[in-house]
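The chain contents come next:
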Amino acid sequence: MVVKVYGATYAACPQRVMACLFELGFQFDLIKIDLQSGEQKQPQNLLRQPFGQVPSIEDGDFKLFESRAIIRYYAGKSASQGGTNLLGETLEERALVEQWMEVEVNNYNPLIYTMVLQLVVLPQQGQVGDMELVKDCKGKLEKVLDVYEERLSKSKYLGGERFTIADLTHLPNTRFLMEEGGMEDLIKRRKNLHNWWLDISSRPSWLKVMDLPK
Amino acid sequence: MAAPVKVYGPPFSTAVARVMVTLLEKDVPFQLLPVNMAKGEHKKPDYLKIQPFGQVPAFQDEGVTIFESRAISRYVCDKYANQGNRGLFGTNPLEKASIDQWLEAEGQNFNPPSSILVFQLTFAPRMKIKQDENLIKQNEAKLASVLDVYDRRLNESRYLAGDDFTLADLSHLPNAQYLNGTDVGELFRTRKNVERWWGEVSNRESWKKVLEMQSPPAPKKA
């Protein structure tokens with residue numbers, strides 16, 4: 001059964017899902033939602049995703065939204081079928097994976113999202129971004145990245161010695177930070193963080209996501 | 001012998017409350033070790049060893065140290081799956097996926113505006129910090145849109161993820177409790193299904209125990 005993913009190749013949350021499905025070897029079809037014209041807020045998409053966001057998936061009769069819920073579901077499915085385990089093997093490893101997934105949601109993503117909004121999205125819409133806010137977020141992010149650097153000095157990946165969804169979940173927003181955000185120095189200046197980024201962003205699954213036509 | 005499970009943080013913290021109510025639902029005894037945030041204890045080196053971002057709560061269980069309230073709650077449901085409320089995180093992958101979906105909706109859509117409102121309306125006055133009226137207005141509007149989605153969902157199912165109370169509903173308790181003690185509570189009361197749902201989830205025994213832990217005990221009479 002081929003999973004239908006509703007979203008766009010260039011948006012962070014659909015990228016999170018697609019990278020995971022490539023990683024696990026689950027086939028999918030991307031059904032494009034035109035974010036520029038606001039298709040995600042149209043009635044048909046609201047039936048799939050009541051908050052008017054992307055992505056959502058359809059797997060036969062099974063439907064799900066929220067990228068991080070989707071990757072947990074497929075990671076669980078793969079692990080229970082004896083396939084690739086991206087969740088963690090022991091109770092403790094699974095806990096650390098969940099911990100770093102939550103850190104990404106609460107301490108990482110909001111700062112990057114705010115900066116990219118001010119630096120890229122608002123100017124594209126003809127508005128002026130708030131540079132004071134960017135400066136404030138950048139300062140906070142520096143402190144957050146110091147914690148990541150310390151963590152990655154003790155283990156190869158965020159959850160432990162194996163690549164898991166805790167690392168994968170960081171791919172889309174880190175790329176946004178470094179490219180559209182123009183802040184690659186924040187990553188490159190931190191040795192362990194930089195090595196971790198080079199490792200996870202060169203995985204075939206991520207390269208396939210990057211190769212998808214915009 | 002003291003309970004092996006330790007929760008670090010003040011009981012009035014929404015994230016600490018989230019962990020406590022999970023432990024109570026799962027019948028897991030724990031010790032609450034207070035952290036005095038007014039005195040900056042959460043930013044001191046000893047605390048940063050267990051929570052390097054300087055936030056509350058932190059959690060320890062027999063040598064495992066974790067932070068992030070939703071991660072802690074998931075861990076508790078994983079380790080103690082067969083005790084207390086067994087359906088709290090679902091009993092099969094499809095149920096769990098639906099719970100994860102609404103847990104993420106809470107974290108991504110409900111939490112940001114509700115956290116700002118909880119701070120502005122409940123904590124800022126206590127800390128003698130000036131309220132930001134614009135910020136309050138903006139986030140009331142965002143929360144209203146989110147609760148519209150919830151109201152439609154709760155018209156179709158008793159709880160967010162289905163017919164039973166789950167971690168997805170639980171995760172909303174701390175912020176929603178504070179908001180229902182302010183004018184923003186109107187947003188809950190004027191949405192019929194949300195009002196019904198709030199009445200049910202906030203009346204759970206586990207949540208009532210957390211509320212007791214959040215209120216200081218009355219001074220003993222001589």
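Data block above holds the structure.
Before going into details, it helps to say that this report is about the structure given with it.

Reading guide: rules and limits
Residues numbered from 1 in each chain as written. Chains lettered and ligands numbered in written order. Predicted model: local features only at pLDDT ≥ 70, side-chain atom pairs only at ≥ 80, totals over all residues. Heavy atoms only, no water. 1 Å grid on protein atoms, 1.4 Å probe; cavity = no way out; pocket = protein on both sides within 12 Å on 5 of 7 lines; lining within 4 Å. Points joined across faces, edges and corners; volume = space filled by probe spheres on them. Helix = DSSP H or I, 4+ residues; strand = E, 2+ residues; numbered from the N terminus. Contact = heavy atoms within 4.5 Å. Buried area = accessible area lost by both parts, 1.4 Å probe. Salt bridge = Lys/Arg side-chain N within 4 Å of Asp/Glu carboxyl O. Polar contact = N/O pair within 3.5 Å; in protein donor to acceptor, adjacent residues only side chain to side chain. Pairing = 2+ DSSP bridges. Right-handed = clockwise from strand over helix to strand, strands pointing away. Expected span 1.5 Å × (residues − 1). Buried < 20%, exposed > 50% of the residue type's maximum accessible area, 1.4 Å probe, protein only. Arc of directions from axis to C-beta. Phe/Tyr/Trp six-rings, centres within 6.5 Å; stacked < 30°, edge-to-face > 60°.

1. Describing the layout of surface pockets
What the second largest pocket holds in volume is close to 830 Å³. L87 and R94 of chain A together with D78, F89 and K96 of chain B are the residues nearest the centre of the second largest pocket, which is lined by 32 residues in total. Contributions of two or more residues to the lining of the second largest pocket are made by helix 3 (67-80) and helix 4 (91-124) of chain A together with helix 3 (69-79) and helix 4 (93-126) of chain B. A per-element tally of the lining of the second largest pocket places helix 3 of chain A first, with six residues.

2. Some details on the interface of chain B and chain A
Counting residues at the interface gives 29 residues for chain B and 29 residues for chain A. With both chains or domains summed, chain B and chain A bury close to 2,500 Å², and 63% of this area falls on carbon and sulfur atoms. Interface area lost by chain B to chain A is led by F53, Q101 and E104 of chain B, which between them contribute 23%. Run the count over chain B and chain A and you get three salt bridges. If you look at where chain B meets chain A, you find eight residue pairs in polar contact (both at pLDDT 80 or more). For the side of chain B that touches chain A, the secondary structure elements donating two or more residues are strand 4 (64-67), helix 3, helix 4 and helix 5 (133-156) of chain B.

3. Looking at the pairing of strand 2 (residues 28-32) of chain A
All names here are of chain A. With five bridges connecting them, strand 1 (residues 3-7) and strand 2 associate as parallel partners. Residue K4 lies in a different strand from strand 2, and its bridge partner there is D29. Since strand 1 and strand 2 lie parallel, the crossover through helix 1 (residues 12-24) that links them has a hand, and here it is right-handed.

4. Observations concerning helix 1 (residues 14-25) of chain B
All names here are of chain B. Taking 1.5 Å per residue as the helical rise, helix 1 with its twelve residues ought to reach 16 Å, and the 17 Å between its terminal C-alpha atoms agrees with that figure. Helix 1 sits mainly inside the fold: eleven of its twelve residues count as buried. For helix 1, the complete set of buried residues consists of T14, A15, V16, A17, R18, V19, M20, V21, T22, L23 and E25. Measuring from the backbone nitrogen of A15 back to the side-chain oxygen at the start of helix 1 gives 3.3 Å, which picks out S13 as the cap. Phi turns positive one or two residues past the end of helix 1, at D27, with a value near 55 degrees.

5. With respect to the pattern of salt bridges
Residue and element names in this part refer to chain B. Per the stated rule, a full pass over the model turns up 34 salt bridges over all chains. Between E62 and K79 there is a salt bridge whose closest N-O contact spans 2.7 Å. Residue E62 is found in the loop between strand 3 (58-61) and strand 4, and its partner K79 is found in helix 3; the two are separated by 17 residues along the sequence. We note a salt bridge from E200 to R158, for which the minimum N-O separation is 2.5 Å. Pair noted here: E200 is in helix 9 (residues 192-201) and R158 is in the loop between helix 5 and helix 6 (167-170), with a separation of 42 residues, a long-range link.

6. Observations concerning helix 9 of chain B
Turning to helix 9 of chain B, its buried residues are N193, V194, W197, W198 and V201 of chain B. Looking straight down helix 9 of chain B, one finds that the buried residues subtend no more than 130 degrees of arc, so they occupy a single side.

7. Focus on the packing of aromatic side chains
This model, assessed by the stated rule, comprises 23 aromatic pairs over all chains. Between F51 of chain A and Y150 of chain B, the ring centres sit 6.3 Å apart and the planes meet at 80 degrees, which makes this aromatic pair edge-to-face. Separated into two different chains, F51 of chain A in the loop between helix 2 (43-48) and strand 3 (56-59) and Y150 of chain B in helix 5 make up a pair that spans both. The exposure class assigned to F51 of chain A is buried, which follows from its relative accessible area of 10%.

8. Here's the deal with the side chain of S202 of chain B
Residue and element names in this part refer to chain B. Note that S202 resides in the loop between helix 9 and helix 10 (205-214). Engagement of the side chain of S202 in a polar contact is seen with the backbone oxygen of W198, the distance being 2.5 Å. With sequence-adjacent residues up to four places away left out, S202 is seen in contact with L173, Q177, W207 and K208.

9. Looking at unusual backbone geometry
The linkage connecting V54 of chain A with the following residue, P55 of chain A, adopts the cis geometry, with an omega of 5 degrees. For P55 of chain A, the location among the structural elements is in the loop between helix 2 and strand 3. A cis amide bond, omega 0 degrees, links V56 of chain B with the succeeding residue P57 of chain B. One can find P57 of chain B in the loop between helix 2 (45-48) and strand 3. Even without glycine at this site, E66 of chain A takes up a positive phi of about 80 degrees. Tracing the backbone through its elements, the reader meets E66 of chain A in the loop between strand 4 (62-65) and helix 3. The backbone of D27 of chain B sits at a positive phi, close to 55 degrees, despite the residue not being glycine. Note on D27 of chain B: relative accessible area 54%, which makes it exposed.

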